[in-house]
Amino acid sequence: MYLTVGAVFLPVLTKAQISNVRVFPEGERTVIVYDYARQDEAIDDVVVTYTTGNGSEKRVAKQISGDLRNIRPGSGKRIVWSSRAEAGDVKPEKLNVRLTGVRNKTKQAMCNDNINMADNYFRNKDYTLAVNYYESILNCASCNCNTKDVAYASDQVRIARQRMEPSRPPENVNTRPASYSSEPQRVVQQRRIPAAYRPQENLIVSYLYDMPMAVDAGGMHGVSVLLLRNSWDIGGYASFRTTSHFYSPQDNMSYYTNEKYAYNYGLSPTATTRRYSWLFSAGITRKAFSIENTFIFAYGGIGIGTNNAAVKYNVTEKGYTSQRWVSDGGHNLVFSPEVGAIADLNDRLTLMAGIKFPLSVTKSELLEKKNGISLMLGAGIRIKSLRHDYNRFPDTYIAYAMDIPALQPSEKLQSMNFIGFSIGRIGYDGLGAYLSARANLLLFNSKKVGDLNDYAFYRGLSDYGNAFITGGVTWMYFYGGLGISYQKEYKSYMVNNTAIWNSQRSDFGICTEFGLNLRLFDNVLLRGGITFPGFKLSSEDNEFTMGSNKMYYSLGLGYVFASDF
């Protein structure tokens with residue numbers, strides 16, 4: 001019969017925070033009951049170690065559960081240990097067990113950092129910020145700061161508030177009493193922020209490249225924004241990657257085969273094809289472990305994107321021939337899970353590595369061999385350091401915005417949006433929102449148009465008027481949304497030796513856009529992104545297209561108003 005009748009407990013702390021330990025046998029298990037009373041030095045976890053006599057080494061009990069993590073003061077704490085399975089059939093007098101209180105280094109670092117920052121502001125007589133950091137110790141239950149630090153912070157809050165009230169004489173107290181800490185007594189004026197001070201959160205911009213394993217798939221490259229928390233809290237990331245051909249728009253086949261315009265065109269395909277893809281992904285980051293000044297984070301998320309195929313055609317329109325890339329139905333909607341690791345070096349540089357494995361939702365013969373697992377590599381740099389209570393609130397901004405065509409051949413006379421604005425809320429860690437409106441001057445000064453006849457000759461000149469009204473969300477440095485677009489196309493023809501304009505297309509549609517809001521010097525906003533005037537999502541023929549006929553670069557310059565905190 002296996003029975004544990006006693007154990008030796010030697011708490012590691014000098015003051016008996018763990019006390020009144022009792023051990024009870026329950027079949028093949030052992031139940032350990034103890035009391036925990038908080039003393040000057042806080043503990044967060046309890047580790048159970050044991051020896052079985054006969055000169056055996058001390059071992060850590062692993063098959064164990066109960067009050068072991070994030071413990072709080074109280075009596076009757078209970079631990080259940082599968083001692084028979086782990087220690088074997090050991091005689092009671094040979095079994096020695098020890099409880100050790102352990103302080104979570106991350107939590108202690110958080111408490112120390114807040115005190116260091118608060119003392120620095122206190123020294124510089126910035127009492128408002130000093131109170132904020134001292135109170136973060138008092139109000140953070142999960143930090144479990146030492147009682148001596150809590151008492152010290154409480155006294156400093158009282159003193160700082162007295163000094164903020166001129167009508168009340170301040171107390172002549174400016175030191176951190178030695179009784180509050182195991183550290184040597186220090187004068188507040190001599191305290192400095194450690195050179196290795198670590199903020200609680202970092203925002204990283206990273207360049208990311210995909211190396212696909214599939215044949216002739218084409219690598220994707222782009223930018224990621226990462227929110228890395230140095231504690232064990234969950235952060236987030238978002239990424240956008242494309243192939244190089246993605247930025248070279250092409251026409252839709254449906255335009256040339258439309259019954260209304262088909263008689264205008266003659267199409268002759270060449271043997272040249274190209275593939276273009278895009279992928280937007282988002283997910284979470286979480287700290288895994290650290291090695292000195294290197295912090296390793298795991299990340300995982302899911303992306304959505306498309307693979308597309310286009311063919312080069314010789315397009316003849318009423319006597320004028322040009323070469324155009326035309327998308328002829330080769331579209332493939334993709335969902336792409338991805339996982340990997342991020343190495344954060346000294347809170348300044350990051351290295352990323354991972355894999356993604358796209359899953360095709362629709363099928364295309366032109367693209368069926370293009371999907372495959374990709375190895376992802378990236379490198380980034382810190383763009384912002386955040387405290388856990390700093391800059392979480394969105395700020396209001398207003399920006400002048402305009403659109404520039406991604407491709408502007410010589411026949412396009414005017415297609416830039418000159419008038420526009422964007423207004424919204426931008427936050428580093430929370431969701432914001434925005435509204436944007438842009439218009440082309442051509443809409444307010446339309447060209448005179450005439451009718452075509454069978455002898456009309458296209459001159460190769462075109463002009464476009466358009467307008468976009470969009471709205472969406474902002475998160476970290478990303479923005480994205482949907483809206484309504486209006487487009488009107490003009491083309492120049494010769495009819496009976498007379499040059500005329502003819503308006504062939506004029507329609508409303510759904511547009512989509514996404515990009516980056518970059519804050520400089522806290523108040524200057526640079527806005528850059530991509531707008532797709534044509535957005536189509538249709539289950540017909542399993543076809544998915546996204547702005548495959550036109551694309552505009554959206555640029556803006558704005559001002560961010562005062563923060564809300």
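Details of the structure are given in the entry above.
Residues numbered from 1 in each chain as written. Predicted model: local features only at pLDDT ≥ 70, side-chain atom pairs only at ≥ 80, totals over all residues. Heavy atoms only, no water.

Undergrad: Tell me about the overall build of the protein chain, residues and numbers included.
TA: In terms of regular secondary structure, the protein chain is built from five helices and 29 strands. Buried positions account for 48% of the 565 residues belonging to the protein chain. For the protein chain, the proportion of contacts with a sequence separation of at least 24, taken over those separated by at least 6, is 68%. As displayed, the protein chain has an accessible area near 27,200 Å², and 56% of this comes from carbon and sulfur atoms. (Helix = DSSP H or I, 4+ residues; strand = E, 2+ residues; numbered from the N terminus. Buried < 20%, exposed > 50% of the residue type's maximum accessible area, 1.4 Å probe, protein only. Contact = heavy atoms within 4.5 Å. Areas by Shrake-Rupley, 256 points an atom, 1.4 Å probe, with all protein chains shown as cover.)

Undergrad: Describe in detail the nonpolar core, supporting the description with residues and values.
TA: Grouped together as the largest cluster of nonpolar side chains are 20 residues, with contacts concentrated most on Phe122, Tyr134, Ile137, Cys143, Cys145 and Ala160. Listing elements by their share of this core, those giving two or more residues are α2 (105-123), α3 (127-139) and α4 (147-163). Apart from residues lying up to four places away in sequence, Ile137 is in contact with Cys111, Asn114, Ile115, Cys145, Val150 and Ala153. In terms of nonpolar packing, the next biggest core, distinct from the first, is built from 18 residues, Tyr50, Ala61, Val90 and Val97 among them. (Core = buried A, V, L, I, M, F, W, Y, C linked by side-chain atoms within 4.5 Å.)

Undergrad: I'd like to hear about the packing of α2 against α4, residue by residue, with values.
TA: Any two packed helices are characterised by how steeply their axes cross, that is the angle between the axes, and by the distance between the axes. In the contact formed by α2 and α4, the axes pass within 12 Å of each other and the chain directions differ by 25 degrees. Here α4 runs roughly parallel to α2, going by the angle between their axes. α4 is crossed by α2, and the crossing has left-handed handedness. Judged by residue contacts, Gln108, Asn112, Ile115, Asp119 and Phe122 of α2 engage Asp149, Tyr152, Gln156, Ile159, Ala160 and Arg163 from α4. Looking at the contact of α2 with α4 residue by residue, the classes come out as five nonpolar, three polar and three charged. (Axes fitted to C-alpha atoms, helices over the stretch in contact; angles between N-to-C directions. Parallel < 35°, antiparallel > 145°, perpendicular 65-115°, else oblique. Left-handed = near helix turned anticlockwise from the far one by under 90°. Nonpolar A, V, L, I, M, F, W, Y, C, P; charged D, E, K, R; others polar.)

Undergrad: So, the environment of Leu526: which residues are in play, and what are the values?
TA: Take Leu526: it is sitting in strand β26 (residues 524-532). Exposure remark for Leu526: the relative accessible area of 36% places this residue in the partly exposed category. Spatially, the C-alpha atoms of Leu526 and Tyr400 are 9.8 Å apart, while their sequence positions differ by 126 residues. The residues touching Leu526, leaving out its near neighbours within four places in the chain, are Leu516, Asn517, Leu518, Leu520, Gly556 and Leu557.

Undergrad: Before we move on, can you summarise the environment of Leu138 with the specific residues and values?
TA: Relative to the helices and strands, Leu138 is located in helix α3. Taking the C-alpha atoms as reference points, Leu138 and Ala153, separated by 15 residues in sequence, lie 7.3 Å from one another. Among residues more than four places away in sequence, those in contact with Leu138 are Val150, Ala153, Ser154 and Val157.

Undergrad: I'd like a rundown of the pairing of strand β29 (residues 552-560), residues and numbers included.
TA: Of the two faces of β29, the one holding Tyr552, Ser554, Gly556, Gly558 and Val560 is buried and the one holding Tyr553, Leu555, Leu557 and Tyr559 is not buried anywhere. Note: strand β20 (residues 395-405) against β29, nine bridges, orientation antiparallel. From the neighbouring strand, Ala401 faces β29, where its bridge partner is Gly556. The pairing of β26 with β29 spans eight bridges and is classified as antiparallel. Each bridged residue has a counterpart across the sheet, and for Leu526 the counterpart in β29 is Leu557. (Pairing = 2+ DSSP bridges.)

Undergrad: I'd like a description of the state of the cysteines, backed by residues and values.
TA: Counted under the stated rule, the structure contains one disulfide. Between Cys111 and Cys145 runs a disulfide, and the two sulfur atoms are separated by 2.0 Å. Residues Cys111 and Cys145 share a disulfide whose torsion about the S-S bond is about -95 degrees; that sign makes it left-handed. Of this pair, Cys111 sits in helix α2 while Cys145 sits in the loop between α3 and α4; the two residues are 34 residues apart in sequence, bridging distant segments of the chain. Comparing Cys111 with Cys145 shows no difference in burial state: the two are buried. (Disulfide = S-S within 2.5 Å.)

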